Amino acid sequence: MTRRPAGKSIGKRAAIVTAAALVATGTFAAGVSTAGPERSAKPSKKQVTTLFDKWNAALQTGDPETVADLYADDAVLLPTLSNKIRTDRAGIVDYFEHFLQKKPVGKKVETVVNVLDGNSAIDTGVYEFTLTDPKTGKKSATKARYTYEYEKRDGEWKIVNHHSSAMPEG
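Asks: I keep staring at the overall build of the protein and nothing clicks. Help me out?
Replies: When helices and strands are tallied, the protein shows four helices and five strands. A total of 170 residues make up the protein; the buried ones form 32% of that total. Carbon and sulfur atoms make up 56% of the accessible area of the protein, which amounts to about 10,900 Å² in all.

Right, dumping it as structure tokens:
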């Protein structure tokens, strides 16, 4: 029987033990990393509905940048008074530059909130806007269907999808 030098046998065993430890650590670390980001507690439906109040208050500032700040960078806006889909901040600001000239004041008529998890929720329903004609000063009311999809990003609720369309009955 040929004997191996002690150093080589210990070296191989150490390499195997080290490799096993690394695999075990890697498996544990992978398990931790696949758990995903820390989840927030689910917001109440009332907390979600107050996000509309924040958006409506932003409209009252008359500043399209302030309104656009409530949207995520990759948000999609399908607005009521434009046929153009807005998919970036510049497009969202552009829409609100025109819409805010009508001094809109919104109120919800009917709302359904679906809290998906601690970081996402959908608020959908019907709202009504009082609009002022910039030329004549005459006020009119318009009802529309809406959907806001919200996501919590970096601890802040952002609109990621906003769809609004006039009621088909007029």
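So much for the structure itself; the text now carries on.
Asks: Help me understand the side chain of T132, please; the structure alone is not making it clear to me.
Replies: Position of T132 relative to the elements: it lies in strand 3 (residues 120–132). If we ignore the near neighbours within four places in the chain, the residues touching T132 are Q101, K102, K103, G137, K138 and K139.

Asks: Sorry, what's going on with the packing of aromatic side chains here?
Replies: For any pair of aromatic rings, geometry is given as the distance between the ring centres together with the angle between the planes. According to the stated counting rule, one finds 17 aromatic pairs in the structure shown. Seen from their ring centres, Y95 and F99 are 5.6 Å apart, and the 15° between their planes marks the pair as stacked. Residue Y95 and its partner F99 are both found in helix 4 (residues 89–99); the two are separated by four residues, about one turn of the helix. Each member of the pair Y95 and F99 is classed as buried.

Asks: What exactly am I supposed to notice about the pairing of strand 4 (residues 139–153) here?
Replies: When a strand is regular, its side chains alternate between the sheet's two faces. As paired strands, strand 3 and strand 4 are joined by 13 bridges and run antiparallel to one another. From the neighbouring strand, S120 faces strand 4, where its bridge partner is E151. What sits between the antiparallel neighbours strand 3 and strand 4 is a turn of six residues, in which G137 has the positive phi angle 80°. Across 10 bridges, strand 4 lies against strand 5 (residues 156–166) in antiparallel orientation. Directly across from T147, in strand 5, lies its bridge partner H163.

Asks: Just checking my understanding: could you explain the nonpolar core for this structure?
Replies: The tendency in soluble globular proteins is for nonpolar side chains to be buried as a group. Counting 32 residues, the largest nonpolar core has W55, L59, V67, Y71, F96, Y148 and Y150 as its most contacted members. When contributions to this core are tallied by element, the ones reaching two or more residues are helix 2 (45–60), helix 3 (64–68), strand 1 (71–78), helix 4, strand 2 (105–117), strand 3, strand 4 and strand 5. Of the residues forming this core, the biggest block, six residues, is contributed by helix 2. Apart from residues lying up to four places away in sequence, L59 is in contact with V67, F96, F99, L100, P104 and F129.

Asks: Can you walk me through the confidence of the model for the protein in this structure?
Replies: Low pLDDT marks stretches whose predicted atomic positions should not be read closely. Model confidence for the protein is summarised by a mean pLDDT of 84, while 76% of its residues fall at 70 or above. Low pLDDT (under 50) marks residues 7–36, which in the prediction has one contact with non-local residues, meaning those over four places away or in another chain.

Asks: Can you walk me through the pairing of strand 2 in this structure?
Replies: Where strand 2 lies against strand 3, 11 bridges are found, and the strand directions are antiparallel. Directly across from N114, in strand 3, lies its bridge partner I122.

Asks: I keep staring at the pattern of salt bridges and nothing clicks. Help me out?
Replies: Working definition: two side chains of opposite charge can pair if their charged atoms are close together. One pass over the structure, following the stated rule, counts eight salt bridges. The closest approach of N and O atoms between R153 and D74, which form a salt bridge, is 2.6 Å. Remark: D74 occurs in strand 1 and R153 occurs in strand 4; sequence separation between them is 79 residues. Of the charged contacts, one joins K108 and D123 as a salt bridge, the two residues approaching to 2.4 Å between their closest N and O atoms. With K108 in strand 2 and D123 in strand 3, this pair connects stretches of sequence that are 15 residues apart.

Asks: So what exactly am I meant to see when it comes to the sheet that holds strand 1 here?
Replies: By way of backbone hydrogen bonds, the strands of a sheet pair with one another, either parallel or antiparallel. An order of 1-5-4-3-2 is seen for the five strands of this open sheet, with the pairing classed as mixed. Looking at the sheet topology across the chains shown, the edges are occupied by strand 1 and strand 2. Across the sheet, the axes of successive neighbouring strands diverge by a mean angle of 20°, strand direction being ignored. Across four bridges, the pairing between strand 1 and strand 5 is parallel. Residue V76 lies in a different strand from strand 5, and its bridge partner there is N161. Strand contacts of helix 2: strand 1, strand 2, strand 3, strand 4 and strand 5, with the helix running at about 140° to strand 2, the strand carrying the most contacts. Along the sheet face, helix 4 touches strand 1 and strand 3 and points at about 55° away from the line of strand 1.

Parameters and conventions
Numbering of residues starts from 1 in every chain and runs along the sequence as written. Since the coordinates come from a predicted model, pLDDT governs what is reported: local features require at least 70, and pairs of side-chain atoms require 80 or more to be given and counted, while whole-chain, interface and lining totals use all residues. The basis for the side-chain values is all heavy atoms of the structure; hydrogens and waters are excluded. Here a strand is any run of E in DSSP of at least two residues, a helix any run of H or I of at least four, and the numbering for each starts at the N terminus. When accessible area is computed with a 1.4 Å probe and restricted to protein chains, residues below 20% of their type maximum are described as buried, those above 50% as exposed, and intermediate ones as partly exposed. The Shrake-Rupley method, run with a 1.4 Å probe sphere, supplies the accessible areas, and residue values consider only the shown protein chains as cover. The contact definition used throughout considers only heavy atoms, calling two residues in contact when any of these lie within 4.5 Å. Note on ring pairs: Phe, Tyr and Trp rings are taken, using the six-membered ring of Trp, and paired if centres are within 6.5 Å. Classes follow the plane angle, with under 30 degrees stacked, over 60 edge-to-face and the rest tilted. Two strands pair under a simple rule: DSSP has to find at least two bridges between them. In this description, a nonpolar core means a group of buried Ala, Val, Leu, Ile, Met, Phe, Trp, Tyr and Cys residues linked to one another through side-chain atoms lying within 4.5 Å. On a scale of 0 to 100, pLDDT captures the predictor's confidence in every residue. A side-chain nitrogen of Lys or Arg and a carboxyl oxygen of Asp or Glu constitute a salt bridge if their distance falls within 4 Å. For helices, the fitted axis covers only the stretch in contact; all axes are lines through C-alpha atoms, and the angles between them, taken along N-to-C directions, range from 0 to 180 degrees.

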